[in-house]
Amino acid sequence: MTSGRTGAPRRRGDELEQAILDAVWAELTEHGYARLTMDAVATRARTSKPVLYRRWPNRVELVMAALGRNAPDYHEPPDTGDLRTDLSQFLGRLLHRFDDLPVEGVHGFLLDLMRDPELRCVFRAGLTHEGPVETLGRILHRAAERGEIDPARITPRVVTLPLDLLRDAFMIDGEVPSDRVVGEVLDEIVLPLLRVPVAG
């Protein structure tokens, strides 16, 4: 089932990767993370399991690649001149990439990460390296340069706080956080922590 497909056009490089990640997304959409297998992805992409494993050593890294392809542009985050608007737009784009996935698929992926420390380590490394954490840091430092917030308050824990709170909201509520929830997280928790203290 996972051997090379006779009669199929030979694909390489970006074309092959696109086909594989399309297959991952389709499997997630139809079956969720818990039922996604390397065999199923290989079959749908008309390739072989060894081809998958040469690029991604395990299922979580393969899924992260598919999720990352549908992520907002981490190199060009919103720059509206207002911190709340920048954060709201960026976090909204980050969450809306899950719109066409079944909730149980995303939920299952997060549950697997909670159960397996090794997978959690891989996932966190993907978040921090040219990912949402790095981008949030850029947004916050830009706001500090404008005088909107106190730069001394931009600690590693505060930078990850929006993502941590939204992830926890998803795990508790069982659904991707809405724009209203994002606004509450920003207005009630994140922004008050970052604001420059009033003198006197």
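Cut-off values and rules
Residues numbered from 1 in each chain as written. Predicted model: local features only at pLDDT ≥ 70, side-chain atom pairs only at ≥ 80, totals over all residues. Heavy atoms only, no water. pLDDT = per-residue confidence, 0-100. Contact = heavy atoms within 4.5 Å. Axes fitted to C-alpha atoms, helices over the stretch in contact; angles between N-to-C directions. Helix = DSSP H or I, 4+ residues; strand = E, 2+ residues; numbered from the N terminus. Parallel < 35°, antiparallel > 145°, perpendicular 65-115°, else oblique. Left-handed = near helix turned anticlockwise from the far one by under 90°. Buried < 20%, exposed > 50% of the residue type's maximum accessible area, 1.4 Å probe, protein only. Polar contact = N/O pair within 3.5 Å; in protein donor to acceptor, adjacent residues only side chain to side chain. Nonpolar A, V, L, I, M, F, W, Y, C, P; charged D, E, K, R; others polar. Salt bridge = Lys/Arg side-chain N within 4 Å of Asp/Glu carboxyl O.

## So, the confidence of the model for the chain
Stage number 1. Overall, the prediction assigns the chain a mean pLDDT of 82, with 78% of residues at 70 or greater.
Stage number 2. Segment residues 1-7: pLDDT under 50, and 12 contacts once partners within four positions in sequence are set aside and those in other chains are kept.

## Comments concerning the packing of helix H5 (residues 83-96) against helix H10 (residues 179-194)
Stage number 1. Two elements in contact, H5 and H10, have axes separated by 10 Å at closest approach and are oriented at 135 degrees. Judged by the inter-axis angle, H5 sits oblique to H10. In terms of crossing hand, the pair formed by H5 and H10 is right-handed. Only Asp 179, Val 182, Gly 183, Leu 186, Asp 187, Leu 191 and Leu 194 of H10 make contact with H5, whose side of the interface consists of Leu 83, Arg 84, Leu 87, Ser 88, Leu 91, Leu 95 and His 96.

## Quick notes on helix H4 (residues 59-69)
Stage number 1. By the burial criterion, the buried members of H4 are Val 60, Leu 62, Val 63, Met 64, Ala 66 and Leu 67.
Stage number 2. Taking the backbone nitrogen of Val 60 as reference, a side-chain oxygen 3.3 Å away marks Asn 58 as the first, capping residue of H4.

## A closer look at the packing of helix H1 (residues 13-31) against H4
Stage number 1. With their axes 9 Å apart at the nearest point, H1 and H4 run at an angle of 95 degrees to one another. Between H1 and H4, the angle falls in the class roughly perpendicular. Contacts from Gln 18, Ile 20, Leu 21, Asp 22, Val 24, Trp 25 and Leu 28 in H1 reach Leu 62, Val 63, Ala 65, Ala 66, Leu 67 and Arg 69 in H4.
Stage number 2. Taken together, the residues that form the contact of H1 with H4 break down as 10 nonpolar, 1 polar and 2 charged.

## Let's talk about the pattern of salt bridges
Stage number 1. What the rule picks out here adds up to 12 salt bridges.
Stage number 2. A salt bridge links Arg 146 to Asp 79, with the shortest nitrogen-to-oxygen separation between them at 3.9 Å. On the criterion of sequence distance, the pair formed by Arg 146 in the loop between helix H8 (132-145) and helix H9 (156-173) and Asp 79 in the loop between H4 and H5 is long-range, its members being 67 residues apart.
Stage number 3. With a relative accessible area of 33%, Arg 146 lands in the partly exposed category.
Stage number 4. In this structure, the salt-bridge partner of Asp 150 is Arg 153, at a minimum N-O distance of 3.9 Å.

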